[in-house]
Amino acid sequence: METSILKLENLADAKVVNRSTEAYKRIKYALESNTTIRTCWVNGTGRHSTNYDITTTVKVILDSIGCKYSQGNDSPRKGKAGTFIELK
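Residues numbered from 1 in each chain as written. Predicted model: local features only at pLDDT ≥ 70, side-chain atom pairs only at ≥ 80, totals over all residues. Heavy atoms only, no water.

**What about the nonpolar core?**
Side chains of a nonpolar character, in soluble globular proteins, are inclined to be buried together.
Next, step 1: One finds Ile27, Leu31, Ile37, Val58, Leu62 and Leu87 to be the most contacted residues of the largest nonpolar core, which totals 19 residues.
Next, step 2: Of all the secondary-structure elements, those providing two or more residues to this core are helix H1 (2-13), helix H2 (22-33), helix H3 (55-65) and strand E5 (83-87).
Next, step 3: Ranked by the residues each element gives to this core, the list is headed by H2, at five residues. (Core = buried A, V, L, I, M, F, W, Y, C linked by side-chain atoms within 4.5 Å. Buried < 20%, exposed > 50% of the residue type's maximum accessible area, 1.4 Å probe, protein only. Helix = DSSP H or I, 4+ residues; strand = E, 2+ residues; numbered from the N terminus.)

**Description of the pattern of salt bridges**
Next, step 1: The tally for this structure, following the rule as stated, stands at six salt bridges.
Next, step 2: A salt bridge links arginine 38 to aspartate 74; the shortest N-O distance between them is 2.7 Å. One end of the pair, arginine 38, is in strand E1 (residues 37-38); the other, aspartate 74, is in the loop between strand E4 (69-73) and E5, with 36 residues separating them in the sequence.
Next, step 3: What makes arginine 38 partly exposed here is its relative accessible area of 34%.
Next, step 4: Residue class for aspartate 74 comes out partly exposed when judged on its relative accessible area of 45%.
Next, step 5: Members of the salt-bridge network, linked through shared partners, are Glu9, Asp13, Arg19 and Lys28. (Salt bridge = Lys/Arg side-chain N within 4 Å of Asp/Glu carboxyl O.)

**Side note on the packing of aromatic side chains**
Next, step 1: A complete count under the given rule lists one aromatic pair for this structure.
Next, step 2: Residues tryptophan 41 and tyrosine 52 carry aromatic rings whose centres are separated by 5.5 Å and whose planes lie at 20 degrees to one another, so their mutual orientation is stacked. Of the two residues, tryptophan 41 sits in strand E2 (residues 40-43) while tyrosine 52 sits in strand E3 (residues 50-53), which places them 11 residues apart along the sequence.
Next, step 3: The class for tyrosine 52 is partly exposed, based on a relative accessible area of 36%. (Phe/Tyr/Trp six-rings, centres within 6.5 Å; stacked < 30°, edge-to-face > 60°.)

Printed below as a string of structure tokens:
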């Protein structure tokens, strides 16, 4: 995993990936702590709620650094908020 972290840092240094994006932060945390990446979440309540989805961005970054992963969904009705990516 350390080589994947170095490759991710090299992408950020080359200005391919911005360090302030949520995708970068979640990938780096997952590589350091060996956890799954939750790629969809809901922010707000009621009619002011917004669904965020960074699944495609995370998959593109993981492919570019050569990291193996599997995608799944653990919500009971297969909703978008249950999407996760597990690193191998």
